[in-house]
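Coordinate analysis (summary)
Each chain, letter by letter, is given below.
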Amino acid sequence: MLLCYLALLSIAVGWIRGGRLRNFLNYPLRGLPLPIAAFAVEAMFEPFYRLTGWAPAHWLWAAVLLEYALLFIFLFLNRRAVSTWFLAAGTLLNFLVISSNNWRMPVSPDVLSMPELSSFVQRIEAGTLMEYCIAGPSTRFILLGDVIHFDWVPGMSFASAGDFFMAAGVFLLIQAFMKAPVRSSQQVI
């Protein structure tokens, strides 16, 4: 959700600066289907589990590795952009905490005392939201998990440090491609 809010803010800032969304067509972004495929892989976790009934312990690691491999290839292809370095830092931080905690993103235990998030907790406990776990004493890299609380942002509850880096990367990427193209008469030689 943080990425969506920052993307919308970046679009508004881009317009104020004279940029246009249509400039995306001129931006040299390579491998765009890769992050789309990565998010599709994650979206398939629950349907795959329901279809096969296989315990996530048997396949979640492979699905997460595929998801992050697609993201890292995309980031490598676009490594020259400053925004990519922020995206890469956030992706790496999230991968570190997920891979260290049985391929799940740990969520602050504070979520257990929030009635508005009871359905989220129930899905985690039932195993249908298998990409998350409630952080506990054995959680590794807890400070990199979804532990930063946002009670004042609609639709958000917790975010990770990696999410902030990725949000900064998304903001910078949108600013870069919305930037108004320089007209040839304005170019400095």
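Source: prediction; values computed, not measured.

1. Considering unusual backbone geometry
Positive phi values are uncommon outside glycine, yet Asn102 reaches one of about 55°. Locating Asn102 in the fold gives a position in the loop between helix H5 (82-99) and strand E1 (105-107). Among the residues examined, Asn102 registers a relative accessible area of 61% and is labelled exposed. With phi around 65°, Trp103 is a residue other than glycine that occupies positive phi space. Looking at the secondary structure, you find Trp103 in the loop between H5 and E1.

2. What about the confidence of the model for the protein?
Averaged over every residue, the pLDDT of the protein is 89; residues scoring 70 or more account for 92%. Every residue in residues 184-189 is under pLDDT 50, and counting partners more than four places away or in other chains gives one contact.

Rules used throughout
Residue numbers here run from 1 along each chain, matching the order of that chain's written sequence. It should be noted that, the model being predicted, local features are given only for residues of pLDDT at least 70 and side-chain atom pairs only at 80 or more, the latter also being counted only at that level, while totals for whole chains, interfaces and linings use all residues. The basis for every side-chain value is the complete set of heavy atoms in the structure, and neither hydrogens nor water enter the calculation. Runs of H or I in DSSP of at least four residues are treated as helices and runs of E of at least two as strands, each being numbered from the N terminus. Categorising residues by exposure relies on relative accessible area from a 1.4 Å probe, with only protein chains included: less than 20% of the type maximum marks a residue as buried, more than 50% marks it as exposed, and the intermediate range marks it as partly exposed. One confidence number per residue, pLDDT, is output by the predictor and ranges from 0 to 100. Between two residues, a contact is recorded if the distance between any of their heavy atoms is within 4.5 Å.

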